[in-house]
Amino acid sequence: MKFSGFMNVYMLDDMSWEYQFAERSLNASTLKELEVLVSLYGLKWKVLDKDLAQESLELDKNNVTGFLNVYRKGDFWHYRGSDLKSHSLEVLKKKVLAENLEWKETDKNLAYKNMKLDSRKFQK
């Protein structure tokens, strides 16, 4: 767990975000989703460290893949909520489907772009 620069907000190991309050917490895949959840609950969303918050926003922006529950950490693609990971998005997709998990595009253009860029890595 890593502090994000936002009050009560931490990045979890699976690159998702958590807002902690009292004995509870709210979780979301992106900071924007978490900010919406926090406001729906009537809680405060506040920047405590501007530089760290900006760094977290940049990290969050760069980790949007176009696929539900898929994130990139280091050299691997991971499927959130499981131990599945791979250097290749195509291989990860096969593993996810073999486990009868959901493989869904959340942004068709971004998903296509990431698949194309990832496949080029292995063509060299």
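Here, every reference points to the structure presented above.
Residues numbered from 1 in each chain as written. Predicted model: local features only at pLDDT ≥ 70, side-chain atom pairs only at ≥ 80, totals over all residues. Heavy atoms only, no water.

**Some details on helix 2 (residues 50-62)**
Line of reasoning, step 1. The first and last C-alpha atoms of helix 2 sit 18 Å apart over 13 residues, in line with the 18 Å expected at 1.5 Å per residue.
Line of reasoning, step 2. Buried within helix 2 we find Leu52, Ala53, Ser56 and Asp60. Looking straight down helix 2, one finds that the buried residues subtend no more than 100° of arc, so they occupy a single side. Opposite the buried face of helix 2, by more than 90 degrees, sit the exposed residues Lys50, Asp51, Lys61 and Asn62.
Line of reasoning, step 3. Where helix 2 is buried, its residues meet strand 1 (2-3), strand 3 (17-21) and helix 1 (31-40).
Line of reasoning, step 4. Its side-chain oxygen 3.2 Å from the backbone nitrogen of Asp51, Asp49 forms the N-cap of helix 2. (Helix = DSSP H or I, 4+ residues; strand = E, 2+ residues; numbered from the N terminus. Expected span 1.5 Å × (residues − 1). Buried < 20%, exposed > 50% of the residue type's maximum accessible area, 1.4 Å probe, protein only. Arc of directions from axis to C-beta. Contact = heavy atoms within 4.5 Å. Polar contact = N/O pair within 3.5 Å; in protein donor to acceptor, adjacent residues only side chain to side chain.)

**A few points about the sheet that holds strand 2 (residues 9-11)**
Line of reasoning, step 1. Taken in spatial order, the four strands make up an open sheet running 1-2-3-4, and their pairing is antiparallel. Only two strands of the sheet have a single partner each, and these edge strands are strand 1 and strand 4 (24-28).
Line of reasoning, step 2. Two strands pair when backbone bridges link them, and strand 2 and strand 3 are joined in this way by three bridges, in the antiparallel orientation. When the bridges of strand 3 are listed, Tyr10 appears paired with Glu18.
Line of reasoning, step 3. Against the sheet, helix 1 contacts strand 2, strand 3 and strand 4, and its axis sits at roughly 140° relative to strand 4. (Pairing = 2+ DSSP bridges. Axes fitted to C-alpha atoms, helices over the stretch in contact; angles between N-to-C directions.)

**Section: the nonpolar core**
Line of reasoning, step 1. Within the largest apolar cluster, 15 residues are counted, with the highest numbers of intra-cluster contacts made by Val9, Trp17, Tyr19, Leu26 and Leu34.
Line of reasoning, step 2. Those residues in contact with Leu34 that lie beyond four places of it in its chain are Val9, Trp17, Glu18, Tyr19, Leu26, Asn27, Ala28 and Trp45. (Core = buried A, V, L, I, M, F, W, Y, C linked by side-chain atoms within 4.5 Å.)

**Quick word on the packing of aromatic side chains**
Line of reasoning, step 1. Evaluation of the coordinates by the stated rule reveals four aromatic pairs.
Line of reasoning, step 2. On the numbers, 6.0 Å between centres and 45° between planes, the contact of Tyr19 with Phe21 is tilted. Just as Tyr19 is buried, Phe21 falls in that class too.
Line of reasoning, step 3. With centroids separated by 4.9 Å and ring planes inclined at 40°, the aromatic side chains of Phe67 and Trp103 adopt a geometry described as tilted. With Phe67 in the loop between helix 2 and strand 5 (70-73) and Trp103 in the loop between helix 3 (89-98) and helix 4 (108-121), the pair connects residues that are 36 residues apart, well separated along the chain.
Line of reasoning, step 4. On the accessibility criterion, Trp103 (16% relative accessible area) is buried.
Line of reasoning, step 5. Geometry around Trp77 places Arg72 over its ring, the cationic atom sitting 4.7 Å from the centre. (Phe/Tyr/Trp six-rings, centres within 6.5 Å; stacked < 30°, edge-to-face > 60°. Lys NZ or Arg CZ within 6 Å of the ring centre and 35° of its normal.)

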